[in-house]
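Reading the structure
Okay, here's what each chain looks like letter by letter:
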Amino acid sequence: PRLLSQFFFADEKVTRVVAEINGLDAELDPQQYLVLLNQLHLSQARLLAVLEQIMEECIPTQRHSRDYLVKFPEELLVENLGNHMLFAAECLLAGTFLEVEEADGAQLRPQARNLLCSLELVRTVLREQSLSQPGSYPEPVRAVLIQFDRLFAEFELSYVSSVVVVKSPEEIYRQQEIIVLFCETVERALRLGYLTQEMIDGYEPLLMFTIPRLAIISGLLIYPEGPLSLEQSPEKMSRVFSPFYNLLKKIRDLLQVLSVEELCLLERSLCTAE
């Protein structure tokens, strides 16, 4: 059950697969080569998962900040992102630029080299520690883990920033404003009886349509200075709503001519219509 013991066997698996790949002629047996590559991918993922657990146990308060992850597109935030970063670093070090421009890759290569060297040092130190005292983490072990964690985070941010457009601080703030708008919309809908707490607690599927519809009305009429403010240019709105700037203006103009009773009837109908 000890993490260092788990790391030892995970590391042994990676070493064994790498040795098999190095001893195989890929041109003579391409199918077996692909099988081994898949095994390497899985074994490296396991190795990184155990290493992550070790860092959480050993240096929980000294981990490098991962606040930058909020800048990444949601589709990148997957479980195997760390393994993808390791593969990217190996490709860069080998001179292969799969996802980045050659100029960007040349700038990233020193970071990739430092990261992979740090990983090798971590593997060596943890293997030795697992064979001597598998239940403790002396200061030298903690030091190499802190360094690896920092280098990994720095490479991850640099690499992803060169591959995709990361969110600016302004865009992150706009998204937070939308979250607040949705929360206030739900609170208002509960107060007016449009929704019930049971619907929310039970994850009623209809809410996926109801809450955004009510939020648009709230954003245009109840909180006109919030994230749906049409007094600002489309460029200053969140990318979630900016493509619909002209449509939102038409919706606002229609809503403004409704009476209180008509608006209430509209909102109630939005809570039931599919």
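Residues numbered from 1 in each chain as written. Predicted model: local features only at pLDDT ≥ 70, side-chain atom pairs only at ≥ 80, totals over all residues. Heavy atoms only, no water.

By the naming in an unreviewed UniProt entry, the protein goes by LST2 protein and is assigned to Ceyx cyanopectus.

Quick look at the pattern of salt bridges
Taken as a whole and assessed by the stated rule, the structure comprises 14 salt bridges. With a shortest N-O distance of 3.4 Å, R150 and E154 are connected by a salt bridge. With a gap of four residues between them, R150 and E154 both fall in helix α5 (residues 139-163), about one helical turn apart. Residue classification places E154 among the partly exposed residues on the basis of a relative accessible area of 30%. Residues joined by salt bridges that share partners form a network here, namely E52, E56, R63, R66 and D149. (Salt bridge = Lys/Arg side-chain N within 4 Å of Asp/Glu carboxyl O. Helix = DSSP H or I, 4+ residues; strand = E, 2+ residues; numbered from the N terminus. Buried < 20%, exposed > 50% of the residue type's maximum accessible area, 1.4 Å probe, protein only.)

Concerning the nonpolar core
Soluble globular proteins: nonpolar side chains tend toward being buried together. L51, I54, L126, L145, F148, F155 and Y159 are the most contacted members of the largest nonpolar core, which has 45 residues in total. For this core, the elements supplying multiple residues, two or more each, are α1 (3-22), α2 (30-58), α3 (81-93), α4 (102-132) and α5. The element best represented in this core is α5, accounting for 10 residues. Leaving out residues up to four positions away in the same chain, L145 has contacts with L51, I54, M55, C58, I59, V122 and L126. Counting 14 residues, the second largest nonpolar core, distinct from the first, contains L181, L248, L255 and L263. (Core = buried A, V, L, I, M, F, W, Y, C linked by side-chain atoms within 4.5 Å. Contact = heavy atoms within 4.5 Å.)

Describing the domain arrangement of the protein
By the assigned domains, the protein splits into domain 1 (3-163) and domain 2 (169-272). One C-alpha centre belongs to domain 1, the other to domain 2, and the line joining them spans 43 Å. (Domains from an automatic or database assignment.)

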